[in-house]
There are 2 protein chains.
Amino acid sequence: MERKGFTLWFTGLSGAGKTTLARLVEAELLSRGHNVEVLDGDIIRTNLSKGLGFSKEDRDTNIRRIGFVCNLLTRNGVVAIAAAISPYREVRDEVRRDIGSFVEVYVKCPINVLAERDVKGLYKKALAGELKNFTGVDDPYEAPVAPEVLVETDSDTAEVSAAQIIARLEELSLVSREPQASAMKK
Amino acid sequence: MERKGFTLWFTGLSGAGKTTLARLVEAELLSRGHNVEVLDGDIIRTNLSKGLGFSKEDRDTNIRRIGFVCNLLTRNGVVAIAAAISPYREVRDEVRRDIGSFVEVYVKCPINVLAERDVKGLYKKALAGELKNFTGVDDPYEAPVAPEVLVETDSDTAEVSAAQIIARLEELSLVSREPQASAMKK
């Protein structure tokens, strides 16, 4: 069975859990026989956007590049998973229009929780003014108005959030309910 | 039938016919049921490399970005066709190593023929010194040492060159000999 491609777009603050969730969802979709590629902020900034900074213009350019690659993958039957802060609503919506088959996942977590966890120590630096243009601190984050999925990572575990996302993809008929790989083994 | 992905990499001077050949080969492969994406210099400079110039460093960065996207497509079963001057041997070989399933097509045409045709008027400007860093004029072009395919566009028509490329892909067992789409209709 040929599977349809789509783009699964994670947006949310730094440390909210976008890449973790992307990897969990990737594993589940691979086990169901989909082709999957994860494009997270680090991968893209290394391979496609070195030299870009964190001004609005550069962030938008970065997001458009991710969108361009997601579009190429999506129209060739791949599930393209983007996991980047993507703070600006307008460019997210532009990418959505370009791609068509687009599922937005808002990974929501209050900034005080993120600042407390501060896995990479970035919030401490940003709050101390040592890191400029940090989303949520001195740079805006525009939450999605009507995302296809909303997960709340301060209250739910990553596993629960990933399951929510998969359930929504099933609901949208983008992935089949039964794991294809194990079904084929029967 | 699931088709294997590979990267078809056109290299050669500006005006030699890379994009023309890429489009002809694309049409033929689509008719045989392959998924195909053409990434030519203009598409990439617009979507992934805006802001990069024509220094060796920027050219190498541009080629690595094309290679990154070709790799994503190739490993998901797509035929990725790159058509960029890609003047430096070392970075072409780096991309080849990264991707693995890589077919290099050297689109060869003597520079005096290109300067005479001069479809875009660029050679005239470059030779007059009005355009700097122009490959073949004041910037180097390192021809492939052992390309999988060599086409000579000063002596052969685009159709003949495209047929040569397709024949080589058949020889390499990357495309099937019979057009799949029409075979299926029988």
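Scroll up a little and you will see the structure.
These numbers come from a predicted model, not from an experiment.

(A) How the structure looks around the interface of chain A and chain B. With 17 residues of chain A at the contact, the number on the chain B side is 18 residues. Buried surface at the junction of chain A and chain B, summed over both partners, amounts to about 1,600 Å²; 57% is from carbon and sulfur atoms. When the buried area of chain A at its contact with chain B is split by residue, R65(A), F68(A) and N76(A) rank highest and sum to 36% of it. Counting across the interface, chain A meets chain B through two salt bridges. Across the salt bridge formed by E37(A) and R75(B), the nearest N and O atoms sit 2.6 Å from each other. The tally of links between chain A and chain B comes to eight residue pairs in polar contact (both at pLDDT 80 or more).

(B) Inspection of the packing of aromatic side chains at higher detail. All names here are of chain A. This structure, assessed with the given rule, holds six aromatic pairs over all chains. Note on Y123 and F134: the rings are 4.9 Å apart at their centroids and 80° apart in plane angle, and the pair reads as edge-to-face. Placement of Y123 in helix α6 (residues 122-127) and of F134 in the loop between α6 and β5 (149-152) is noted, with a sequence separation of 11 residues between them. Across the pair, F134 and Y123 agree in class, each one buried. Here R45 stacks its cationic end above the ring of F54, 4.0 Å away from the centre of that ring.

(C) Molecular detail of the sheet that holds strand β1 (residues 6-11) of chain B. Residue and element names in this part refer to chain B. With parallel pairing, the five strands of this open sheet are ordered in space as β2-β3-β1-β4-β5. Because the sheet does not close on itself, it has two edges, and the strands there are β2 (36-40) and β5 (149-152). Direction aside, the axes of adjacent strands within the sheet are offset by 15° on average. Across five bridges, β1 lies against strand β4 (residues 102-108) in parallel orientation.

(D) Structural view of the pattern of salt bridges. Residue and element names in this part refer to chain A. Counted by the stated rule, this structure contains 24 salt bridges over all chains. Measuring nitrogen to oxygen at the nearest pair gives 3.1 Å for the salt bridge that ties R23 to E26. With R23 and E26 both in helix α1 (residues 18-31), this residue pair falls three residues apart, about one helical turn. Taking relative accessible area as the criterion, R23 reaches 37% and is therefore assigned partly exposed. Notably, a salt bridge pairs E148 with R96, separated by 2.8 Å at the nearest N-O pair. One end of the pair, E148, is in the loop between α6 and β5; the other, R96, is in helix α4 (residues 89-99), and 52 residues separate them in sequence.

Reading the values: rules and limits
Residues numbered from 1 in each chain as written. Chains lettered and ligands numbered in written order. Predicted model: local features only at pLDDT ≥ 70, side-chain atom pairs only at ≥ 80, totals over all residues. Heavy atoms only, no water. Contact = heavy atoms within 4.5 Å. Buried area = accessible area lost by both parts, 1.4 Å probe. Salt bridge = Lys/Arg side-chain N within 4 Å of Asp/Glu carboxyl O. Polar contact = N/O pair within 3.5 Å; in protein donor to acceptor, adjacent residues only side chain to side chain. Phe/Tyr/Trp six-rings, centres within 6.5 Å; stacked < 30°, edge-to-face > 60°. Helix = DSSP H or I, 4+ residues; strand = E, 2+ residues; numbered from the N terminus. Buried < 20%, exposed > 50% of the residue type's maximum accessible area, 1.4 Å probe, protein only. Lys NZ or Arg CZ within 6 Å of the ring centre and 35° of its normal. Pairing = 2+ DSSP bridges. Axes fitted to C-alpha atoms, helices over the stretch in contact; angles between N-to-C directions.

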